[in-house]
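What the coordinates show
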Amino acid sequence: MKIAIYPGSFDPVTLGHLDVIERAAKMFDRLVVAVMHNGAKKPLFNSEERMGFLEKTTAHIPNVEIAGFDGLLAEYAGQCGACAIVKGLRAVSDFEYEFAMALANRKLNPQVDTVFLMTSAQYMYLSSSMIKDIAQHGGSIADFVPAAIHDDIVLRMRKDD
Ligand code: COA
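Residues numbered from 1 in each chain as written. Predicted model: local features only at pLDDT ≥ 70, side-chain atom pairs only at ≥ 80, totals over all residues. Heavy atoms only, no water.

1. Re the site of the ligand
For the ligand, the set of nearby residues contains 26 residues, the closest of which are Ser 9, Lys 41, Leu 73, Ser 128 and Ser 129. A distance of 3.1 Å is found between a nitrogen atom of the ligand and a backbone nitrogen or oxygen belonging to His 37. Taking Leu 126, its main chain carries an N or O atom lying 3.2 Å from a nitrogen atom of the ligand. Out of a free accessible area of 930 Å², the ligand has 86% covered by protein chains. Elements supplying a minimum of two residues to the shell around the ligand: β1 (3-8), α1 (15-27), α4 (92-108) and α5 (128-136). Ranked by the residues each element gives to the shell around the ligand, the list is headed by α4, at five residues. A breakdown of the residues in the shell around the ligand according to their chemical character gives nine nonpolar, 13 polar and four charged. (Near = heavy atom within 4 Å. Polar contact = N/O pair within 3.5 Å; in protein donor to acceptor, adjacent residues only side chain to side chain. Areas by Shrake-Rupley, 256 points an atom, 1.4 Å probe, with all protein chains shown as cover. Helix = DSSP H or I, 4+ residues; strand = E, 2+ residues; numbered from the N terminus. Nonpolar A, V, L, I, M, F, W, Y, C, P; charged D, E, K, R; others polar.)

Right, dumping it as structure tokens:
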């Protein structure tokens, strides 16, 4: 059984993430989408909310499982029995950072390799921060987030105002 892990902050999950999840789920028997902590970021949504958004977004994909982990990715990949870490590459600018992370993760856990999927062209420019910024300024995020969680995100962000 080939298991892969797709880690991220997912603050919140975007259509770009969903595109990677749907494609990776076809390549592996099981895909664990892991909500993790990026030390450089302060998330807007707590991890339960981010996992809840992912659960709704991926409900139609039977071999996808949502998890949360607050530690090292390489360690968690080992715990899950994953043979691969899946990451999306949006542009050349992502490469150096992703390359460094892939090398560090392989050093920490030589059993797990990182597999990069090119983001589909229509999502190249997307990021979770951009979506939060648009929503915070009253713009429409309907083209950027999965339909299943659009209203949840908008309502939750209104509560913050
Ligand atoms: N479509 C749209 N947006 C995408 C995308 C895609 N396919 N892929 C990534 N993005 C966006 C993300 O939403 C994120 O946006 P943001 O910066 O506005 O939040 C941005 O691109 C960067 O994504 P990514 O590089 O995947 O960072 P991340 O913060 O989502 O995830 C972790 C980073 C959590 C995987 C990483 O910090 C980690 O592994 N943490 C655990 C601790 C650890 O092991 N550290 C050592 C690592 S060597």
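2. Some words on the sheet that holds strand β5 (residues 113-118)
Read across the sheet, five strands follow the order β3-β2-β1-β4-β5 without closing on themselves; strand pairing throughout is parallel. The strands lining the two open edges of the sheet, one partner per strand, are β3 (64-68) and β5. Averaged over all adjacent pairs, the angle separating strand axes in this sheet is 30°, with direction ignored. Alignment of β1 against strand β2 (residues 30-35), held across six bridges, turns out to be parallel. Bridge pairing in β2 links Tyr 6 to Val 33. (Pairing = 2+ DSSP bridges. Axes fitted to C-alpha atoms, helices over the stretch in contact; angles between N-to-C directions.)

3. Thoughts on α1
Compared with the 18 Å implied by 1.5 Å per residue over 13 residues, the 19 Å span of α1 between its first and last C-alpha is a close match. Among all positions of α1, only Leu 15, Gly 16, His 17, Leu 18, Asp 19, Val 20, Ile 21, Ala 24 and Ala 25 are buried. Its side-chain oxygen 3.1 Å from the backbone nitrogen of Gly 16, Thr 14 forms the N-cap of α1. (Expected span 1.5 Å × (residues − 1). Buried < 20%, exposed > 50% of the residue type's maximum accessible area, 1.4 Å probe, protein only.)

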